[in-house]
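Letter by letter, the chains look like this.
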Amino acid sequence: MKYSNAWHLRDIILLTLIAIFFGVIYWVIGPLYNVLTVALTPVGLGPGANDVVMGIWVMAGPLSGYIFKKVGSATLGEFLGSVVEMFLGGQWGASTMISGVVQGVASELGFTFTGYKRYDWFSLNLSVLTTTIVTFGWDMIRNGYSKYHIGLLIALFIIRLISTWIFSGLLVKAIVKLLDRTHLMQTQSR
Amino acid sequence: MATISINHLSFSYPTEDGQKPLTLADVSATFPDGGFSLLTGPSGSGKSTLMKIMSGLYPKFGGVITHGEIQLNHTPISEIPETDRGQLIAMMFQNPNQQFAMDTVERELLFTLENQCVPPSEMMSRVDRALEYVEITALRHRQLNSLSGGEKQKVALAVIIAMKADTILLDEPFASVDPVARQLLLSKLAKLQHEEHKTIIISDHDLEDYDAYIDHLFVLNGTGNSLTLLNETDAQEKMAAFQRQDTSDQQLSLPTKVDQPVITAHDLSLTAGTSTLLKQPEINFFKHHITLLTGANGTGKSTLLMALSKLHQYDGTLLLNQKEIAKIRNNQLYRQVALVFQDADQQFLNVSVAEELALSLKNSQAAAYFKERLPGFLEKLQLDHLQDHVVYTLSGGQKKKLQILEMLIMATPVLLFDEPFTGLDFSSLQTIMAIMKQVAHDCHQTMLIVSHQLFGLDALVDYHVTLANNQLQYVEGLA
Amino acid sequence: MNPSLKFLLAVLIALEISFTSTWMVNLALAIIGLLIILTSRPPLKRLVLLFFVPLIPAVALAVAILLQSNAGMHFALVLFTRIYAYVFVGSAATLTTSVSDLVMSLEQNAHIPSKFAYGFLGAFDLLPKIVSEVNVIRAAGNMRGQALHIWSPQLYFKAILASLDWSENLAEAMTSHGFSEGAPRTYFKQIRVHWWDWCIMISSLLLLQIALFGLHLQ
């Protein structure tokens, strides 16, 4: 199957809708992040909540990459999601859009490294890895992770890697498998 | 001048394995210039497909034309540039919710005029006139999301008027439009036809209210291979037959004092946007009975079912077995009440027919009962050979049958149905009603059914409630 | 102020304070943001929420620095004020601009292709429907005895199927309303970039540099 890199109106609407759906699911299902943060703060591990739920935050990226199979789809998916979130009054304000780009590029890299030719378990795992590394780097700066003791830093990194692997890896794979079986995506104009 | 002629048109939605089953096969017709035409035919016959080809949306957005063409004023539609099309032909869609790009009424009209490259200085006067024409000047600055179905379709018509389209296509436009708005829209369309010589083509499976307006009646048959213009006598007969089909002199009884209420409402009020749908001082729905709920489109029947399923907010009291529905936890509530959605796709959770059935069997409240009878039900419903099929690509009728069956299998004590019989042929309808009746009896279920289709329902239902003028009322007659 | 430049400024400020550690500047930015927010006269509930929502991550980050690092009180304060600066500066932009104005400005001033501008806007306007659809999907799951959680593939699968359906409807409707990818359009509301927009932008950034540099020297 050949995929064109051009974005059509319908693709853009679809990508934005998916991004909004993911944001809404996150908020409707419950303030998981807030509960975890409040629970962990007294022992100084509050930021760890961010790492635990990181996989949920970033899963729209690899999923868009996988669904659209176009250059830039993961980045655009995450970015559009972050714009929506900022308008809805998210907790990170003006930095949300920056994070959106960072997270988007981070998950895009997995597909870039495989030349946008492989859309399989390998490229998805690669995307999980790039997402974890790049977003962690951004949190070293933005959220002051760089000042933590090395032990905590490693623990947070591992937690984030596991979370990202579960959600952006395993869960995205399961979602895509369901979608592929319906054959509905192919009928879309590409 | 706007003549649409269809010449030996065949159209297909190719399947995954490369086959091209024809949705429309070699159909031909000419829609007369300046006429008011109604295109009818059973659900799933391809009316909507045909309308979208006429408007130039297909094959751009789906499917392929395998043969023939449609001409607008002797030019093939495909050769008319997309940017010029708006002045020639415009379309109103079935689903009023996904046809606007902007947030407010005025902005949507302006967006359309900008697309047509209308000079900014002319825009306001065109917006003013379009809103006045449809009598919705008061809605000008309203959020589109806050409008009712009828109001949205009025806005859609205003957009078309602002575009100055010669030909106006309307694809089942009244599905969620209340009777008052429907009459207004029809009279405005007639005015556009008579005073501005617009060509109007409406597709609808429901023929009610049209006889005063239409000049031509086109019929597309169930398999999409014959499109005919009926002569005057045949058209009259078809319209009259449709009226008769809906009426029945069958009498039903009213609830008695011994009936046990399962759902009770006090001072219940339901709203959609800013309009009130229901103001009900008192009503009960009774245990182990099947109640039919009817009323015109857009009056709030679906909204009531949504409220009963905790999917629409309500004011007042709405009790299920003496407990306030809004306060029952979801996992508790949905073991007691389940809704058969109007849109079958919303019901499905998995991919194949077999998976859907397996899930229902696994979590059924009467698993043993259904395990034994399922093969028989599947055979009767002609679903038995479809086990490996993807549910989302079944035909409309097959989806409906599977959806009803999988919800019956759950054996939820209270089961709500929102237009369950849409798109079912006569024999499927008979079969599914018989199964519903049997299951309701054997599993001691309470059913509440919203349906337009009344044929044969006298054998299924015990009571009949009508919704009109914001009030629910038990009645004895079926029609 | 011009919407595109306003958002660009907000993002640039956020970017800059991410790399600097001057809590007084963060605090000043938060206060300026708050003043701008107040001019838009937000409902009290929104305002209260605006103070509480960032509190959770802000406290979490500050406490973590105090307990889990040697960076000390000063850096904890930096992180705490940074979150408030992010949120108040961001809200100062979002609360004073409608999404449609931003989109129109991005189309006319930033020359973003109209298909991106209006595709995004059309989808964004479906937000209330998306919220109710998520509830319908979860109810449909419960009605079949299957609770759908944040880790359930079906939840996302059904959301994507709905998106597929809606995106087709909306794209068709927009096309039917005369929208054509790449075709020229006229604009009823001309959105311009005035000289004072650039003035505000440049002087704000200059002031920020001076403040950061000045306080850094101290």
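Residues numbered from 1 in each chain as written. Chains lettered and ligands numbered in written order. Predicted model: local features only at pLDDT ≥ 70, side-chain atom pairs only at ≥ 80, totals over all residues. Heavy atoms only, no water.

### Description of the interface of chain B and chain A
Argument step 1. Counting from both sides, the interface comprises seven residues of chain B and, opposite them, six residues of chain A.
Argument step 2. The largest contributions to the chain B side of the interface with chain A come from Glu16(B), Phe61(B) and Val351(B), which together make up 55% of the buried area.
Argument step 3. The residue Arg181(A) makes a salt bridge to Glu355(B) at a minimum N-O spacing of 2.7 Å.
Argument step 4. The interface formed by chain B and chain A includes one residue pair in polar contact (both at pLDDT 80 or more).
Argument step 5. Residues of the side of chain B that touches chain A, tallied by class, amount to three nonpolar, two polar and two charged. (Contact = heavy atoms within 4.5 Å. Buried area = accessible area lost by both parts, 1.4 Å probe. Salt bridge = Lys/Arg side-chain N within 4 Å of Asp/Glu carboxyl O. Polar contact = N/O pair within 3.5 Å; in protein donor to acceptor, adjacent residues only side chain to side chain. Nonpolar A, V, L, I, M, F, W, Y, C, P; charged D, E, K, R; others polar.)

### What to know about the interface of chain C and chain A
Argument step 1. Counting residues at the interface gives 73 residues for chain C and 67 residues for chain A.
Argument step 2. Note on chain C versus chain A: buried area summed over both sides is about 6100 Å², and carbon and sulfur give 82% of it.
Argument step 3. Ranking the residues of chain C by area buried against chain A places Gln68(C), Ile150(C) and Tyr156(C) at the top, with a combined share of 11%.
Argument step 4. Taken together, the links from chain C to chain A amount to one salt bridge.
Argument step 5. The residue Glu168(C) makes a salt bridge to Arg10(A) at a minimum N-O spacing of 3.6 Å.

### Some remarks on the pairing of strand β19 (residues 463-468) of chain B
Residues and elements named next belong to chain B.
Argument step 1. Bridge count for strand β13 (residues 290-295) against β19 is five bridges, and the pairing is parallel. Counterpart to Leu292 in the pairing with β19 is His464.
Argument step 2. Examined bridge by bridge, β19 and strand β20 (residues 471-475) share five bridges and lie antiparallel to one another. Along β20, the bridge assignment pairs Leu467 with Leu472. (Pairing = 2+ DSSP bridges. Helix = DSSP H or I, 4+ residues; strand = E, 2+ residues; numbered from the N terminus.)

### Looking at a nonpolar patch on the surface
Residues and elements named next belong to chain A.
Argument step 1. Residues Trp121, Ile150, Ile154, Ile158, Ile162, Trp165, Ile166 and Leu170 make up a contiguous nonpolar surface patch of about 730 Å² in total accessible area.
Argument step 2. With seven residues, the single largest contributor to the nonpolar patch is helix α9 (residues 150-182).
Argument step 3. Structurally, the position occupied by Ile166 is in helix α9. (Patch = residues over 30% accessible without salt bridge, like charges linked within 9 Å, V, L, I, M, F, W, Y side chains within 5 Å. Areas by Shrake-Rupley, 256 points an atom, 1.4 Å probe, with all protein chains shown as cover.)

### Details of helix α2 (residues 23-39) of chain C
All names here are of chain C.
Argument step 1. Its 17 residues give α2 an end-to-end C-alpha distance of 24 Å, which sits within 8% of 24 Å, the value for a rise of 1.5 Å per residue.
Argument step 2. Listed as buried for α2 are Val25, Asn26, Leu29, Ala30, Gly33 and Ile37. One face of α2 carries all of its buried residues, which in axial projection span an arc of 135°. Turned more than 90 degrees away from the buried face of α2, the exposed residues are Leu35 and Thr39. (Expected span 1.5 Å × (residues − 1). Buried < 20%, exposed > 50% of the residue type's maximum accessible area, 1.4 Å probe, protein only. Arc of directions from axis to C-beta.)

### Here we look at the UniProt feature "transmembrane region" (unreviewed entry) in chain C
Argument step 1. In the UniProt entry, the feature "transmembrane region" (unreviewed entry) is given for residues 6-35, 47-67, 73-95 and 195-217 of chain C.
Argument step 2. Within residues 47-67 of chain C, the helical portion is 90% and the strand portion 0%, while the C-alpha atoms at the span's ends are 31 Å from each other. (UniProt positions renumbered as here; feature names shortened; annotations may be inferred.)

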